[in-house]
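# Structural characterization, general
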Amino acid sequence: MPSKPAGTLYRGREGMWSWVAHRITGVGIFFFLLVHVLDTALVRVSPEAYNEVIGTYKNPIVGLMEVGLVGAILFHAFNGIRLILVDFWAKGPRNQRKLMIGVGVVWVVLFVPFVARHLTHVFGG
Amino acid sequence: MDVKVKILRYNPEVVDEAEWKTYAVTLQPTDRVLDALHKIKWEQDGTLTFRRSCAHGVCGSDAMRINGRNRLACKTLIKDLNPEKEITVEPIKGLPVLKDLVVDMEPFFDAYRSVMPFLVTSGHEPTRERIQSQADRDRFDDTTKCILCAACTTSCPVFWSDGQYFGPQAIVGAHRFIFDSRDEGTEQRLEILNDKEGVWRCRTTFNCTDACPRGIEVTKAIQEVKRALIFRRV
Ligand code: SF4
Ligand code: FES
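Residues numbered from 1 in each chain as written. Chains lettered and ligands numbered in written order. Predicted model: local features only at pLDDT ≥ 70, side-chain atom pairs only at ≥ 80, totals over all residues. Heavy atoms only, no water.

## Thoughts on the interface of chain B and chain A
- Contact residues are listed per partner, giving 32 residues for chain B and 27 residues for chain A.
- Regarding the contact of chain B and chain A, the summed buried area is about 2700 Å², with carbon and sulfur atoms giving 53% of it.
- For chain B, the biggest contributors to the area lost against chain A are B:Arg69, B:Phe206 and B:Gln223; these three give 21% of the whole.
- The tally of links from chain B across to chain A stands at three salt bridges.
- Measuring nitrogen to oxygen at the nearest pair gives 2.8 Å for the salt bridge that ties B:Lys226 to A:Asp87.
- Applying the counting criterion to the chain B and chain A interface returns 14 residue pairs in polar contact (both at pLDDT 80 or more). (Contact = heavy atoms within 4.5 Å. Buried area = accessible area lost by both parts, 1.4 Å probe. Salt bridge = Lys/Arg side-chain N within 4 Å of Asp/Glu carboxyl O. Polar contact = N/O pair within 3.5 Å; in protein donor to acceptor, adjacent residues only side chain to side chain.)

## Some details on the pattern of salt bridges
Residue and element names in this part refer to chain B.
- Here the structure, examined in full by the defined rule, presents 24 salt bridges over all chains.
- Arg65 is the partner of Glu90 in a salt bridge, and the nearest nitrogen-oxygen pair spans 2.8 Å. Residue Glu90 is found in strand 5 (residues 87-90), and its partner Arg65 is found in strand 3 (residues 63-66); the two are separated by 25 residues along the sequence. Summarising the burial analysis for this pair, Glu90 and Arg65 share the class buried.
- Residue Asp110 is joined to Arg113 by a salt bridge in which the shortest nitrogen-to-oxygen separation is 2.7 Å. Separated by three residues within a single helix, Asp110 and Arg113 lie in helix 2 (residues 106-114), roughly one turn from each other.
- Because the salt bridges share partners, they merge into one network encompassing Asp162, Lys196, Glu197 and Arg201. (Helix = DSSP H or I, 4+ residues; strand = E, 2+ residues; numbered from the N terminus. Buried < 20%, exposed > 50% of the residue type's maximum accessible area, 1.4 Å probe, protein only.)

## With respect to the environment of B:Gln188
All names here are of chain B.
- Along the chain, the position of Gln188 falls in helix 6 (residues 186-193).
- Residue Gln188 is classed as partly exposed on the basis of its relative accessible area, which comes to 44%.
- Spatially, the C-alpha atoms of Gln188 and Ile216 are 24 Å apart, while their sequence positions differ by 28 residues.

## A closer look at the UniProt feature "binding site: heme" (unreviewed entry) in chain A
All names here are of chain A.
- UniProt's entry tags His76 with the feature "binding site: heme" (unreviewed entry), counted in the numbering of this structure.
- Its place among the elements puts His76 in helix 3 (residues 60-88).
- Given a relative accessible area of 24%, His76 falls into the partly exposed group.
- Those residues in contact with His76 that lie beyond four places of it in its chain are His22, Thr25, Gly26 and Ile29.
- Within the local environment of His76, its side chain forms a polar contact with the side chain of Thr25, the two groups lying 3.0 Å apart. (UniProt positions renumbered as here; feature names shortened; annotations may be inferred.)

## Digging into the site of ligand 1
- Around ligand 1 lies a shell formed by B:Cys146, B:Ile147, B:Leu148, B:Cys149, B:Ala150, B:Ala151, B:Cys152, B:Gln169, B:Cys212, B:Pro213, B:Arg214 and B:Ile216.
- Class assignment for the residues of the shell around ligand 1 results in 10 nonpolar, one polar and one charged. (Near = heavy atom within 4 Å. Nonpolar A, V, L, I, M, F, W, Y, C, P; charged D, E, K, R; others polar.)

## Points about the domain arrangement of chain B
All names here are of chain B.
- Looking at the assigned domains, one finds that chain B contains domain 1 (2-103) and domain 2 (105-231).
- The centre of domain 1, based on its C-alpha atoms, is set 29 Å off from the matching centre of domain 2.
- Between domain 1 and domain 2, the residue contacts involve 16 residues of the former and 16 residues of the latter.
- Contact with domain 2 buries surface across domain 1, with Asn70, Lys93 and Leu95 losing the most and accounting together for 38% of the total.
- Linking domain 1 to domain 2 there are one salt bridge.
- Measuring nitrogen to oxygen at the nearest pair gives 3.7 Å for the salt bridge that ties Asp210 to Arg71.
- Summed over the shared surface of domain 1 and domain 2, the number is five residue pairs in polar contact (both at pLDDT 80 or more).
- Residue composition of the side of domain 1 that touches domain 2, by class: seven nonpolar, four polar and five charged. (Domains from an automatic or database assignment.)

## A word on the nonpolar core
Residue and element names in this part refer to chain B.
- Counting 68 residues, the largest nonpolar core has Ile7, Leu37 and Leu193 as the members making the most contacts within it.
- Each of domain 1 (2-103) and domain 2 (105-231) contributes no fewer than three residues to this core.
- Setting aside its immediate chain neighbours within four residues, Ile7 contacts Glu19, Trp20, Lys21, Tyr23, Leu37, Ile40, Leu48, Val89 and Leu101. (Core = buried A, V, L, I, M, F, W, Y, C linked by side-chain atoms within 4.5 Å.)

## Observations regarding the confidence of the model for chain A
- Taken residue by residue, chain A gives an average pLDDT of 91. The fraction at 70 or more is 94%.
- Per-element mean pLDDT across chain A ranges from 91 in helix 2 (residues 47-56) of chain A up to 95 in helix 3 of chain A. (pLDDT = per-residue confidence, 0-100.)

## Remarks on the packing of helix 3 of chain A against helix 4 (residues 96-124) of chain A
All names here are of chain A.
- Look at helix 3 against helix 4: their axes get within 9 Å of each other, and the N-to-C directions meet at 160°. Taken together, the axes of helix 3 and helix 4 lie roughly antiparallel to each other. Judged by the sense of rotation from one axis to the other, the crossing of helix 3 with helix 4 is right-handed.
- Each residue belonging to the contact of helix 3 with helix 4 can be placed in one class, and the counts come to 21 nonpolar, five polar and two charged. (Axes fitted to C-alpha atoms, helices over the stretch in contact; angles between N-to-C directions. Parallel < 35°, antiparallel > 145°, perpendicular 65-115°, else oblique. Left-handed = near helix turned anticlockwise from the far one by under 90°.)

## Observations regarding the side chain of B:Arg32
Residues and elements named next belong to chain B.
- Mapped onto the fold, Arg32 is located in the loop between strand 2 (19-26) and helix 1 (33-44).
- Separated by 2.6 Å, the side chain of Arg32 and the backbone oxygen of Ala55 make a polar contact.
- When residues no more than four places from it in sequence are discounted, the contact partners of Arg32 are Ala55, Ala73, Cys74, Thr76, Leu77 and Ile78.

Here is the structure:
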């Protein structure tokens, strides 16, 4: 075996890249949920501690992270539906590319208005 | 036309590491990548090692990664590859490289053998042929076309990171008998593929479907086996 894989990256199509994106967004959402469960659990410690921690989230950097979070969740959710259809709907595999386009369209339709509204909140005060 | 072909060379008897070598060859646009490899081997460097037998897309010997995707060298025309740029040729991924473009196919064939790719029946052999309706025959028509080239299995990201996974081809091989009305080994094959290294490893990246030189809808075949397992109905 070559000691270093000197080969190129496999040039997969949307199927492979959506799988990569599904993994990345999945791991990202997992870490968000971890933090989210922890900070929400602070209420049990003391409401003041909770308020203090949640207060630190009110800044533009976290605001931008929220944009990323919503983008990731939207993709993960709708691509998840696509994957279920690919596995369970008899015509799914043959239509996977169309389903992928559907995921993209729904993602844009929901994400763009969200970003517009969210950012006016974050930066507009 | 003058074409540059960049090949990932590896000779374990000389160096430890694979390295890229570029060759300039004059070809017709309608030549195939296999013709380019022949020209290089015959006219420039006789040590270049690759497999091929039929040279016409029937035997499945010459699957390799051409411009980053698994293809048969004998079915890939130069003009379809954007020949203004260098054409890259590497061995298929996930199987041990023996030399240059030749990989050890044994793990791949082992997976194929383990799904019992032969007709299983019980009772006396009939004196006449085993009758099957056209509709029944059509159910597995697609998966009879497989030529065991390994393009699908070695295009699968799951197989690259987990060599234990049966891989798309073994599932195609099993599908061909699972959905054959004359066969009686369905239960056993489904049990084999219900393994944690079986169909459930499939992440539907569709790399296999894209790679198959026979145009088999590999992911669809895998999905049909998954559904047969879930609903216990073939
Ligand atoms: S299913 Fe297609 S890609 Fe896979 S081994 Fe058979 S012919 Fe080759
Ligand atoms: S050499 Fe036989 S399939 Fe290409």
